[in-house]
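Listed below, chain by chain, are the residues.
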Amino acid sequence: MTRHKISLEEFHRMVEAGVFPEDLRLELVEGDLVEMSPIGKRHAAKVAKLTALFGPLVPQKAILFVQSPLVVGESELYPDLALLKPRPDFYEEELPQGRDALLVVEVAESSLRYDLQVKLPLYAQAGVPEVWVVDLEGKRVLVHRKPEGGGYREAEALGPGARLSFHGVEIPAEELL
């Protein structure tokens, strides 16, 4: 079997040409197209809650991207939520890069292994300073800070009773679980 890797540029041309159905959830991961699972109601509800909780930061302190593209190296990922550095054009001129992210949040209902083994190293390599992985099944939020190479120097698991904090927004962990 021969595999053909595609570049970020080729992927964008294919999207613009309408090669993929609009409702097809795809990520480009180091040249490979990866179809994402449909989002369940619990997952969707947690993303909606996060969006509401981080709303006060917009637009002065951050731009909120919800299930929208983030370019990390030669990959284009669609994190559940990304808080980006403010920009007057709201990233209309070019897609945000890892260096533009302040925080990335992934909600994992069935994707925990993929989020931790595939996406997290890509975020680290791209310099995303902080990543939260909300593990719905494990009832914990995995917080990763201080990227270095393909990993994070700081990692902690927070469960019910713990509080998460980002740019003045305080979130009880149980609200995300």
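Residues numbered from 1 in each chain as written. Predicted model: local features only at pLDDT ≥ 70, side-chain atom pairs only at ≥ 80, totals over all residues. Heavy atoms only, no water.

Naming follows an unreviewed UniProt entry, where the protein chain appears as Putative restriction endonuclease domain-containing protein of Thermus parvatiensis.

Along the protein chain, the regular secondary structure elements total three helices and 12 strands. What you see for the protein chain is a C-alpha radius of gyration of 16 Å, in line with the 16 Å of a compact globule of 177 residues. Along the three orthogonal principal directions, the C-alpha set of the protein chain runs to about 50 × 40 × 35 Å. Out of the 177 residues in the protein chain, the part that is buried amounts to 43%. Charge centroids of the protein chain, computed over 20 positive and 29 negative side chains, lie 7 Å from each other. (Helix = DSSP H or I, 4+ residues; strand = E, 2+ residues; numbered from the N terminus. Rg over C-alpha atoms; globule rule 2.2 N^0.38 Å. Buried < 20%, exposed > 50% of the residue type's maximum accessible area, 1.4 Å probe, protein only. Lys, Arg positive; Asp, Glu negative; His and termini not counted. Charge placed at Lys NZ, Arg CZ, Asp CG, Glu CD.)

Let us now look at the side chain of Asp100. Looking at the secondary structure, you find Asp100 in the loop between strand 6 (81-84) and strand 7 (101-108). We note that Asp100 is buried and unpaired, the nearest opposite charge coming from Arg99 at a distance of 4.6 Å. There is a polar contact of 2.7 Å between the side chain of Asp100 and the backbone nitrogen of Gln97. Among residues more than four places away in sequence, those in contact with Asp100 are Leu83, Leu84, Lys85 and Tyr91. (Salt bridge = Lys/Arg side-chain N within 4 Å of Asp/Glu carboxyl O. Polar contact = N/O pair within 3.5 Å; in protein donor to acceptor, adjacent residues only side chain to side chain. Contact = heavy atoms within 4.5 Å.)

Bridge count for strand 1 (residues 26-29) against strand 2 (residues 32-35) is four bridges, and the pairing is antiparallel. Of the residues in strand 2, the one forming a bridge with Leu28 is Leu33. (Pairing = 2+ DSSP bridges.)

Let us look at the packing of aromatic side chains. In this structure the tally under the stated criterion is four aromatic pairs. Judged by centre distance (6.3 Å) and plane angle (85°), the ring pair of Phe54 and Phe166 falls under edge-to-face. On the criterion of sequence distance, the pair formed by Phe54 in helix 2 (residues 41-54) and Phe166 in strand 11 (residues 163-166) is long-range, its members being 112 residues apart. Each member of the pair, Phe54 together with Phe166, is buried. Judged by centre distance (6.1 Å) and plane angle (75°), the ring pair of Phe65 and Tyr91 falls under edge-to-face. Of this pair, Phe65 sits in strand 3 (residues 63-66) while Tyr91 sits in the loop between strand 6 and strand 7, and the two are 26 residues apart along the sequence. Taken as a pair, Phe65 and Tyr91 share a single burial class, namely buried. Ring pairing ties together the aromatic residues Phe54, Trp132 and Phe166, which thus form one cluster. (Phe/Tyr/Trp six-rings, centres within 6.5 Å; stacked < 30°, edge-to-face > 60°.)

An order of 3-6-7-8-9-10 is seen for the six strands of this open sheet, with the pairing classed as mixed. Of all the strands in the sheet, just strand 3 and strand 10 (151-158) have a single pairing partner and so form its edges. Across the sheet, the mean angle separating the axes of adjacent strands is 15° when strand polarity is ignored. As judged from the seven bridges shared by strand 9 (residues 140-148) and strand 10, these two strands associate in the antiparallel manner. Within the sheet, the bridge partner assigned to Leu142 lies in strand 10 and is Ala157. Against the sheet, helix 2 contacts strand 3, strand 6, strand 7 and strand 8 (130-135), and its axis sits at roughly 155° relative to strand 7. The sheet strands contacting helix 3 (residues 112-125) are strand 7, strand 8, strand 9 and strand 10, and the helix crosses strand 7 at an angle near 170°. (Axes fitted to C-alpha atoms, helices over the stretch in contact; angles between N-to-C directions.)

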